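For reference, the chains in residue letters:
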Amino acid sequence: MESTALSKRNFEAKQFISKYAMYLILIALIAIFGLVEPAFFTGRNFVNILTAESSRGLLALGVAFCIISRGIDLSLGSVMAVSSVFSASLVQKLSYSTLIIPGLVNLPEIPAWVAVVVGVLVGTSFGLINGVLIAYTKIHPFIATLGSMTVARGLALLFTNAYPVPMLREDFTRIGQGSLFGFLPNIVCVFLLMTIVATILLNHTRFGKNLFAVGGNVEAARAAGINVERTLILTYVWSSFCASLAGVMVTARSASGIASLGDGYELDGIAAATVGGVSQTGGVGSIIGCIGGILVLGVINNGLLITGVSPYLQKIIKGAIIVIAVVFDMRKVARKK
Amino acid sequence: MSDYVLEMIDVSKSFPGVQALKNVSFRLRPGSVHALMGENGAGKSTLMKCLIGLYQMNSGKIFINGQEVHINNPLEASRHGISMIHQELSPVKDRSVAENLFLGRTPVRAGLFVDHKKLYQMARETLKGLGIDINPYERMGNLTVAKMQMVEIAKAVSQDASIIVMDEPTSSLTSVEVKQLFGMIRSLREKGVSIIYISHKMEEIFKICDEITVFRDGQMVGTDLVENTDVTKLIQLMVGRDLNAMFPKVACPITDVVMEVENLASGDRFSGVSFELRRGEILGFAGLVGAGRTEVLETLFGLRTKTAGTVKINGKIADIKRPSDAQRYGLAMLTEDRRATGIIPVSSVASNIVVANLKKYVRKYGLINHKKIANDAGEYIKKIEIKTPTKDTLIQDLSGGNQQKVLVARWLLTKPEILFVDEPTRGIDVGAKAEIHSLITRMAGEGKAIIMVSSEMPEILGMCDRILVMHEGRQTGIIDRTIATQELIMEYATTTVEHQAI
């Protein structure tokens, strides 16, 4: 009798650990870094972490939807670059000698918000193409977005001839450089706002419910009358929308459009979502988990930097933690045969 | 030397919630063909899976040639000379016949490189030895199901199998192919190989088998030589209970026509299907596996493209291109393969219940009304007695029967006028089966029109008002409940001739 009670408690402890593995890892990491380097454990540093991770965080919010649908989006880093160079090209100071679009000189000044909208629209159009390709030609999302990743990067490079797009007007850069209450940078605000939007979309709309069904069992979803194609298209539009916002915000913040922006960020976004419990087998995931995943990676990035660990060693540690986190997570949601 | 090549003594096996086998014993003589019969879920397959090591028995013993053996996996089974030809073959379609034949046993040179010459020579000899005319270089996927099956049998023989289990081997064969298969079985028998033959088809059993063992509800209920028994005795043994008790068919008023289907066709899968469906009626679709019954339902429901014919619902022509159209016309469909096209395994019971009906739960600003979902899910869990710890439990953690009830709830929630149920009780235990049957009957009583596809004769005979029978993509007739018998249905299901409606 006693031994069964004990083993039951053991079992419950195990369940607790695997359920909250990521948060336990997060707390452990914060404790370790805080002990080693007191400067880590300040409010200012926490804002730094959020600021540094906001753009990748936006990508994670986007790609989480794709992964829940049992797909992936590799194009997000390149989409950032496209929205970066297109928005920047519209708000260069007209006094600058080598404008990306020379004809701008003859036009009235384009408002900053138009640049933002154009940047987001151009970026998001890649999501529309991805979504249509995936929904109707049934090619694997990995391949579809691998293609658009390359095309989008090429477009950004072609458009700028690989030169940066500098000398941006202040009314545009203010969007990225401003902050709320004087301490919370706008890009963090955008990220936080988008986490709320993502939560509502995923948990409180028909689209979100359909997304879980499509990712969980696409044939069952179809038989249940769900418009699978529309759901998939919306998913990829959403992910590229997130990436475009990130691209525009980073551009405004750094006051320069860059064709190489976001190179490899899509993988960081995927890593964050995956660490956050969004399962590659589809149909499983939450935004709160996603945020946890972003924080884990952010704390590792920042903590290793602040404690002076070699950047090469940082990569090794980061990679190991991603895999360990997912191994724990797999136990939680393992599909039963 | 023992009299039996195989003895399984007092085998028991239970799954969570189900006792699948209760102290079952089974004996197989050398060089005989031994039929295993019983309804679906009676325990035949479970016993065979215990034999080849796919399942572990809870208790019991297995003797081969009088020696006790322990079989933990199919590899050990094949070392003991036991092979199984599964109903659903799963060959490596993109590799050659020879490679499939020696999968996992490929001859190698220097312990590393595949000896292709030897591989194909061995394959040629094996096939020739059994009189099978198949080119070993042929891509496996290009073969017919019958030929794939022969390759499987050749594989078993090449592994020196002395016991071959065949699970419904003729379910997707033509009559010519069945004859070839029987020829092969006879020559194997002459070579001293024993065959365990699982089938539902009476005429096959009497043609090819030497002995019969019958299962019912996880127990062995009888075993005898074929010459000592007949069809009537067998059916009595298999069913063993009053059909009326098992299938609570309640007479209910059958009223006006809700659906008229005329000359329906979908590509080369089926054509010329015509029927009327009335409120309160349960129309059965009978036929052999692959006859096209599921395809008819899929076409009506918008999961498959209609290439000819008209469908009228409530007197008006219905244009159904996708399942959401079908739902608008008041159709609902419980699909055949619960896992593949029914449940969303990693979602909760509640989500699975409402997934076909989310429109109903959208309130202001496009937001979902979670409270209403919780209420409705709770209501249906109670109403049709779904056994689940909570409504938030993942559906994959439920038993098959309860998963099926969740799917029934999903479609009841859409308030359908016409309900399609495709093999509604496949793979679920006897108790849950009866509950599903009474649910279906109750729905008919409420004035819904129901089409039920089933491969279980007793289910068809017990539940349906009329039975539409199909054979190889053609409708061969519609039989009224009053004159329907298993024999008559079988006759329709195995002939290409179209019978007049009776």
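What you see is a predicted model; the values in this text were computed from it and never measured.

A.B. asks: Please explain the overall build of chain B as it appears in this structure.
C.D. replies: Broken down by element type, chain B carries 18 helices and 22 strands. Considering only C-alpha atoms, chain B reaches an extent of 70 × 55 × 50 Å along its principal axes. The buried share of chain B, reckoned over its 502 residues, is 47%. In chain B, the share of contacts with a sequence separation of at least 24, taken over all contacts with a separation of at least 6, comes to 66%.

A.B. asks: What is the right way to read the overall build of chain A from this model?
C.D. replies: Scanning chain A from terminus to terminus reveals 14 helices and 2 strands. Here the C-alpha radius of gyration of chain A, 21 Å, is about what a compact globule of 337 residues would show, namely 20 Å. Projected onto its principal axes, the C-alpha positions of chain A cover 85 × 55 × 35 Å. A buried classification covers 48% of the 337 residues belonging to chain A. Sequence separation of at least 24 residues holds for 80% of the intrachain contacts in chain A that already meet a minimum separation of 6.

A.B. asks: Just checking my understanding: could you explain the confidence of the model for chain B for this structure?
C.D. replies: Predicted coordinates in regions of low pLDDT should not be interpreted in detail. Residues and elements named next belong to chain B. Taken over all residues, the pLDDT of chain B has a mean of 88, while the share at 70 or more is 94%. The least confident element of chain B is helix α9 (residues 243–246), whose mean pLDDT is 52; the most confident is strand β20 (residues 449–453), at 96. Listed scores for the predicted complex are pTM 0.79 and ipTM 0.84.

A.B. asks: What should I look at first to understand the interface of chain B and chain A in this one?
C.D. replies: On the side of chain A, 21 residues touch chain B, which itself brings 23 residues to the contact. Put simply, the parts of the chain that give the side of chain B that touches chain A at least two residues each are α11 (323–328) and α12 (338–342) of chain B. Its residues placed into classes, the side of chain B that touches chain A shows 14 nonpolar, 9 polar and no charged.

A.B. asks: Help me out: how do you make sense of the pairing of strand β10 (residues 194–198) of chain B in this one?
C.D. replies: All names here are of chain B. Counting buried positions along β10 yields 5 of 5 residues, so the element is predominantly enclosed. With burial as the criterion, each face of β10 is covered, one bearing Ser194, Ile196 and Ile198 and the other bearing Ile195 and Tyr197. Sheet topology places strand β3 (residues 33–37) next to β10; 4 bridges connect them, and they run parallel. Each residue of the ladder has a partner; that of His34, found in β10, is Ile196. As judged from the 5 bridges shared by strand β9 (residues 163–167) and β10, these two strands associate in the parallel manner. When the bridges of β10 are listed, Asp167 appears paired with Ile198.

A.B. asks: Looking at this structure, I do not really get the environment of Val406 of chain B. What am I missing?
C.D. replies: Residues and elements named next belong to chain B. Relative to the elements of secondary structure, Val406 occurs in helix α15 (residues 400–412). Judged by C-beta crowding, with 26 C-beta atoms within 10 Å, Val406 ranks as buried. Through-space distance from the C-alpha of Val406 to that of Tyr380 is 8.5 Å; in sequence the pair is 26 residues apart. Dropping the residues within four chain positions of it, Val406 is found in contact with Val349, Asn352, Ile353, Ile386 and Ile395.

A.B. asks: I tried to follow unusual backbone geometry on my own but got confused; where do I start?
C.D. replies: If a residue is not glycine, its phi is most likely negative; likewise, a peptide bond is most likely trans. Even without being a glycine, Ala162 of chain A presents a positive backbone phi close to 70 degrees. A positive phi angle, near 45 degrees, is found at Glu472 of chain B, a position not held by glycine. Positionally, Glu472 of chain B belongs in the loop between β21 (466–471) and β22 (474–480). The class of Glu472 of chain B is partly exposed, set by 16 C-beta atoms lying within 10 Å.

A.B. asks: Help me understand the sheet that holds strand β6 (residues 82–85) of chain B, please; the structure alone is not making it clear to me.
C.D. replies: In sheet architecture, strand pairing relies on hydrogen bonds along the backbone and comes in two forms, parallel and antiparallel. All names here are of chain B. Taken in spatial order, the 6 strands line up as β6-β9-β10-β3-β11-β12 in an open sheet, and their pairing is mixed. The strands lining the two open edges of the sheet, one partner per strand, are β6 and β12 (219–225). Put simply, the sheet's adjacent strands are angled 20 degrees from each other on average, direction ignored. In this structure, strand β11 (residues 211–216) lies alongside β12, joined through 6 bridges in antiparallel fashion. Each bridged residue has a counterpart across the sheet, and for Glu211 the counterpart in β12 is Leu225. Sheet strands in contact with helix α1 (residues 44–51) are β3, β6, β9, β10 and β11, and its direction is about 145 degrees off that of β9.

A.B. asks: What am I meant to see in the packing of helix α3 (residues 43–68) of chain A against helix α8 (residues 186–204) of chain A here?
C.D. replies: Residue and element names in this part refer to chain A. Relative orientation of the contacting elements α3 and α8 amounts to 30 degrees, with a least axis distance of 9 Å. Put simply, α3 runs roughly parallel to α8. The chirality of how α3 crosses α8 is left-handed. On the side of α3, the interface is formed by Leu50, Thr51, Ser54, Ser55, Gly57, Leu58 and Leu61, while α8 contributes Ile187, Val188, Phe191, Met194, Thr195 and Ala198. The residue inventory of the contact of α3 with α8, partitioned by class, reads 8 nonpolar, 5 polar and no charged.

A.B. asks: Which parts of the structure should I look at to understand the nonpolar core?
C.D. replies: A general tendency of soluble globular proteins is for nonpolar side chains to be buried together. Core analysis: the largest hydrophobic core is formed by 180 residues, its most contacted members being Ala64, Cys242, Leu245 and Cys290 of chain A together with Ile440, Ile450 and Met452 of chain B. The greatest single-element share of this core, amounting to 15 residues, is contributed by helix α11 (residues 228–254) of chain A. Apart from the residues within four sequence positions on either side, Ala64 of chain A is in contact with Ala273, Val278, Gly285 and Cys290 of chain A. Membership of the second largest hydrophobic core comes to 67 residues, among which are Met48, Ile64, Met148 and Ile153 of chain B.

A.B. asks: So what exactly am I meant to see when it comes to the pairing of strand β14 (residues 270–278) of chain B here?
C.D. replies: In regular strands, side chains alternate between the two faces of the sheet. All names here are of chain B. Sheet analysis places strand β13 (residues 257–266) next to β14, joined by 6 bridges and oriented antiparallel. When the bridges of β14 are listed, Ser266 appears paired with Phe270. Connecting the antiparallel pair β13 and β14 is a turn made up of 3 residues, with Gly267 showing a positive phi of about 50 degrees.

A.B. asks: Please clarify how helix α10 (residues 293–300) of chain B should be interpreted in this entry.
C.D. replies: Because each turn of an α-helix spans 3.6 residues, side chains separated by three or four positions end up pointing in the same direction. All names here are of chain B. Where burial is concerned, most of α10 is hidden: 8 out of the 8 residues are buried. Residues of α10 that are buried: Arg293, Thr294, Glu295, Val296, Leu297, Glu298, Thr299 and Leu300. Looking one or two residues beyond α10, the residue adopting positive phi is Gly302, at roughly 85 degrees.

A.B. asks: How should helix α4 (residues 116–129) of chain B be read in this particular structure?
C.D. replies: Residue and element names in this part refer to chain B. The first and last C-alpha atoms of α4 sit 20 Å apart over 14 residues, in line with the 20 Å expected at 1.5 Å per residue. Within the sequence span of α4, burial applies to Leu119, Tyr120, Ala123 and Leu127. End-on view of α4: buried residues confined to an arc of 90 degrees, all on one side of the axis. In α4, the exposed positions that point more than 90 degrees away from the buried face belong to Lys117, Glu125 and Gly129. The elements touched by buried residues of α4 are α3 (97–101), β8 (113–114) and α5 (145–158). Following α4 by one or two positions, Gly131 adopts a phi angle in the positive range, close to 70 degrees.

A.B. asks: Where do I start with the environment of Arg222 of chain A in this structure?
C.D. replies: Relative to the assigned elements, Arg222 of chain A resides in helix α10 (residues 218–223). Along the primary structure Arg222 of chain A and Val275 of chain A are separated by 53 residues, whereas in three dimensions their C-alpha atoms are 29 Å apart. With residues up to four places along the chain from it excluded, the contact list for Arg222 of chain A reads Val228 of chain A together with Pro323 of chain B.

Parameters and conventions
Residues numbered from 1 in each chain as written. Chains lettered and ligands numbered in written order. Predicted model: local features only at pLDDT ≥ 70, side-chain atom pairs only at ≥ 80, totals over all residues. Helix = DSSP H or I, 4+ residues; strand = E, 2+ residues; numbered from the N terminus. Buried ≥ 20, exposed ≤ 12 C-beta atoms within 10 Å, placed from the backbone. Contact = placed C-beta atoms within 7 Å. Rg over C-alpha atoms; globule rule 2.2 N^0.38 Å. pLDDT = per-residue confidence, 0-100. Nonpolar A, V, L, I, M, F, W, Y, C, P; charged D, E, K, R; others polar. Pairing = 2+ DSSP bridges. Axes fitted to C-alpha atoms, helices over the stretch in contact; angles between N-to-C directions. Parallel < 35°, antiparallel > 145°, perpendicular 65-115°, else oblique. Left-handed = near helix turned anticlockwise from the far one by under 90°. Core = buried A, V, L, I, M, F, W, Y, C linked by C-beta atoms within 7 Å. Expected span 1.5 Å × (residues − 1). Arc of directions from axis to C-beta.

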